[in-house]
Amino acid sequence: MSFPFKSWRQQERFPDFLWTMLFLVLALALYLVNLGGPILRDWDEGTVAQVAREMSRAGWEGFLHPTLFGAPYANKPTLMHGLVATAYRIFGTNEFSARLPGALLSACAVPLIYWVQRQLHPTRLPAVMGTMVFLTWLPVVRHGRMAMLDGAILCFGLVTVFCGLRSRRDTRWALGIGLGIGLMCLTKGILGLLLGGIVIAFLAWDTPRLLRSPFLWGGLGLGLAPAIGWYINQFLSQSDSFVQTSIFDQTLDRIWKPVENHRGSPLYYVLELLEWAWPWLMFVPLGLRGAWRQRDFSWGKLVLVWSAGFLGVITLMQTKLPWYVMPIYPVGAIAIGPVLADAWNRGGGMSIKPFTPGRYPAIWRFFVGLLALIGLAGVVYFSFFDSNPTGDYRWPLGAIALGSLISLYLLQRQDPQFLPVMGWTWYVAIFLLMASPHWVFELNGWPAAKPIGEMVRQVPEGQLVFTTDTVERPSVSFYGDRRVTPICPATVTELDGASGAYVLVKPEQRAAFGEGEAIASTEDWQLMQTD
């Protein structure tokens, strides 16, 4: 009688299917709740949304030759802009549609990282723990929900890594490596080559025979062909301006000089992680130590190559922006997964007490207690001392305080149940924050863009619109459906020679633009027409 190997194998995969569905449902709930609540922020959201709107209006021609207020758009490849334009045609032009493609791709990254870790570990527990970490990291959720490119990069990057790991057993999967790299290049240009190079470097260390596989090189050729075709098409249509804007201003210049004055110290991204990567940051040192000690294993090699390679490159770059660090979060979850699995097993997580149970590090209790204090302090501040509240953050902070206190109690008892309690605590806290109208922190302190944009919509088509604001706000231009240009020495002559141009001014600046009545006004701005 033969052993029913196929049936046994299907039974083994069934729990993986259940975990995949569970994480996907949890991710969709987290990424879609109140997605269209806050208005679009400056700068990336407003720009992506406007380019997508012009693409949706122009039809197929707009996909081949994207524009921004009529001028050729060469900042980034337009795969995500095209997906947003498609969402506009289905759901209408609004905040929900602008954010939907990125949110869906970000949600898909959650089960993807589960399957990446299943390729790295013989047991399921490290994958479950690492996916819990990735699901409940606030920066990943927040930026993944925005009309930006970073959530798509995480999704396509994990597709590339999964195909690379799977190709070690079936070389046909190497075709997917090229597909993933091509999708990343169509999303963020040279970043796709960087992340793809990291995957190739990992395979060269872990499974060098794959570098001789025709499936790998054939996949790279097929995957990169659309990206190469897009760049050739833009070069042929825009020539010198495309080379200067896309290749130099938006790509190479960011390496050796701070574009648009976005500068920072070499510790910029370390400080960014220290500020936002809680609560799981406290497990990262043990994860990196474990990866170094187990560098003969695939998971250790991947963690070391990915973290050192990517963090090293973005640290050397002179242009610093908070979302550049986003691709480090998946490798952080992969590094932390085995640490949490070991902590669960050491404490007898499945009610099987070990012979020599180890005590959890005291530093964990310190950090969990500190998070509880911060949560309590936040609740007190927003309840009694916030004289000009910009949002009600008491519920998320209260959830963190309560959950951290329970976790601290369990840690004190050496009970491994503190791990699922922490995971659920942060899931609930992030869900409550996303359900509020204030999850886009960058809107705090800026005049609301939507009312200003609605004033600008009253300007007839073809008329120039200026503003006395010192910076250009793409979100105002999006809501106004026409470009609003700041007045500066370069535009004063254009303004003087344009009779009937429209200007957004603050009330105290009206006298400088004539004595006419304001066409429309908000609390902070008025729209006037020049004489």
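Cut-offs and rules
Residues numbered from 1 in each chain as written. Predicted model: local features only at pLDDT ≥ 70, side-chain atom pairs only at ≥ 80, totals over all residues. Heavy atoms only, no water. Helix = DSSP H or I, 4+ residues; strand = E, 2+ residues; numbered from the N terminus. Buried < 20%, exposed > 50% of the residue type's maximum accessible area, 1.4 Å probe, protein only. Contact = heavy atoms within 4.5 Å. Areas by Shrake-Rupley, 256 points an atom, 1.4 Å probe, with all protein chains shown as cover. Pairing = 2+ DSSP bridges. Salt bridge = Lys/Arg side-chain N within 4 Å of Asp/Glu carboxyl O. Expected span 1.5 Å × (residues − 1). Patch = residues over 30% accessible without salt bridge, like charges linked within 9 Å, V, L, I, M, F, W, Y side chains within 5 Å. Axes fitted to C-alpha atoms, helices over the stretch in contact; angles between N-to-C directions. Parallel < 35°, antiparallel > 145°, perpendicular 65-115°, else oblique. Left-handed = near helix turned anticlockwise from the far one by under 90°. Nonpolar A, V, L, I, M, F, W, Y, C, P; charged D, E, K, R; others polar. Phe/Tyr/Trp six-rings, centres within 6.5 Å; stacked < 30°, edge-to-face > 60°.

Draft legend 1. Structural detail: the overall build of the protein chain. Secondary structure summary: the protein chain contains 22 helices and 7 strands in total. Looking at the 531 residues of the protein chain, the share that counts as buried comes to 52%. Contacts in the protein chain between residues at least 24 apart in sequence constitute 73% of all its contacts with a sequence separation of at least 6. Summed over all atoms, the accessible surface of the protein chain reaches about 24,500 Å², with 65% contributed by carbon and sulfur.

Draft legend 2. Broad picture of the pairing of strand β7 (residues 526-529). Here 4 bridges tie strand β5 (residues 502-505) to β7, and the two strands are oriented antiparallel to one another. By the bridge assignment, Tyr-502 is partnered in β7 with Gln-529. Examined bridge by bridge, strand β6 (residues 520-521) and β7 share 2 bridges and lie antiparallel to one another. Paired with Ala-520 across the two strands is Leu-527, which belongs to β7. Linkage of β6 to β7, two consecutive antiparallel strands, is achieved through a turn of 4 residues.

Draft legend 3. View of the pattern of salt bridges. For the structure shown, the criterion picks out 16 salt bridges. The salt bridge partner of Arg-57 is Asp-481, with a shortest N-O separation of 2.7 Å. Pair noted here: Arg-57 is in helix α2 (residues 44-58) and Asp-481 is in the loop between α21 (474-480) and β4 (484-486), with a separation of 424 residues, a long-range link. Accessibility expressed as a relative area gives 54% for Arg-57, which makes it exposed. The buried category is assigned to Asp-481, whose relative accessible area is 14%. Notably, a salt bridge pairs Asp-206 with Arg-168, separated by 3.2 Å at the nearest N-O pair. Placement of Asp-206 in helix α10 (residues 190-206) and of Arg-168 in the loop between α8 (150-166) and α9 (175-188) is noted, with a sequence separation of 38 residues between them.

Draft legend 4. The arrangement of α9 in detail. The end-to-end C-alpha distance of α9 is 21 Å, a good match for the 20 Å that 14 residues give at a rise of 1.5 Å each. Restricting attention to buried positions, one finds in α9 the residues Gly-176, Ile-177, Gly-178, Gly-180, Ile-181, Gly-182, Met-184, Cys-185, Leu-186, Thr-187 and Lys-188. Just downstream of α9, Gly-189 is the residue with a positive phi angle, here 60°.

Draft legend 5. Inspection of the environment of Glu-95 at higher detail. Within the element layout of this structure, Glu-95 appears in helix α5 (residues 95-120). Separated by 46 residues in sequence, Glu-95 and Ala-49 have C-alpha atoms that sit 8.4 Å apart.

Draft legend 6. Molecular detail of a nonpolar patch on the surface. Among the surface-exposed residues, Phe-14, Phe-17, Leu-18 and Met-21 lie close enough to one another that they form a single nonpolar patch of about 390 Å² accessible area. By the secondary structure assignment, Leu-18 is in helix α1 (residues 5-32).

Draft legend 7. Spatial organisation of the pairing of β5. Burial of β5 is two-sided: the residues Tyr-502 and Leu-504 facing one way and the residues Val-503 and Val-505 facing the other way are all buried. Sheet topology places strand β3 (residues 465-467) next to β5; 3 bridges connect them, and they run parallel. Bridge assignment links Phe-466 to a residue of β5, and that residue is Val-503.

Draft legend 8. Quick look at the environment of Leu-211. Secondary-structure assignment places Leu-211 in the loop between α10 and α11 (214-238). Given a relative accessible area of 28%, Leu-211 falls into the partly exposed group. Taking the C-alpha atoms as reference points, Leu-211 and Ile-200, separated by 11 residues in sequence, lie 8.1 Å from one another. Other than its neighbours up to four places away in sequence, Leu-211 contacts Ile-200, Ala-204, Leu-216 and Trp-217.

Draft legend 9. How the structure looks around the sheet that holds β7. Ordered in space as β4-β3-β5-β7-β6, the 5 strands form an open sheet in which the pairing is mixed. The open sheet is flanked by β4 and β6, the only strands paired with a single partner. Packing against the sheet, helix α20 (residues 449-456) makes contact with β3, β4, β5, β6 and β7, and its axis sits at approximately 155° to β5.

Draft legend 10. View of the packing of helix α7 (residues 138-145) against helix α19 (residues 418-435). As a packed pair, α7 and α19 sit with axes 11 Å apart at the nearest point and diverge in direction by 30°. Here α7 is positioned roughly parallel relative to α19, judged by the angle of their axes. Between α7 and α19 lies a crossing of right-handed hand. Each of Leu-138, Val-141, Arg-142 and Arg-145 in α7 lies in contact with α19, whose residues at this interface are Ile-430, Leu-433 and Met-434. Across the contact of α7 with α19, the residue classes tally to 5 nonpolar, no polar and 2 charged.

Draft legend 11. Representation of the environment of Pro-420 in the model. For Pro-420, the location among the structural elements is in helix α19. Judged by its relative accessible area of 32%, Pro-420 falls in the partly exposed class. Here the alpha-carbon distance between Pro-420 and Met-132, two residues 288 residues apart in the chain, equals 8.6 Å.

Draft legend 12. Molecular detail of the packing of aromatic side chains. Under the definition given, this model contains 23 aromatic pairs. Seen in terms of ring centroids, Trp-230 and Tyr-231 are 5.1 Å apart; in terms of plane orientation they differ by 85°. Their pairing is edge-to-face. Owing to a relative accessible area of 10%, Trp-230 belongs among the buried residues under this scheme. Since its relative accessible area comes to 23%, Tyr-231 is described here as partly exposed. When the centroid spacing of 4.8 Å and the interplanar angle of 75° are considered together, the rings of Phe-283 and Trp-364 count as edge-to-face. Taken as a pair, Phe-283 in the loop between α13 (268-276) and α14 (284-293) and Trp-364 in helix α17 (residues 362-385) lie far apart in primary sequence, 81 residues in all.

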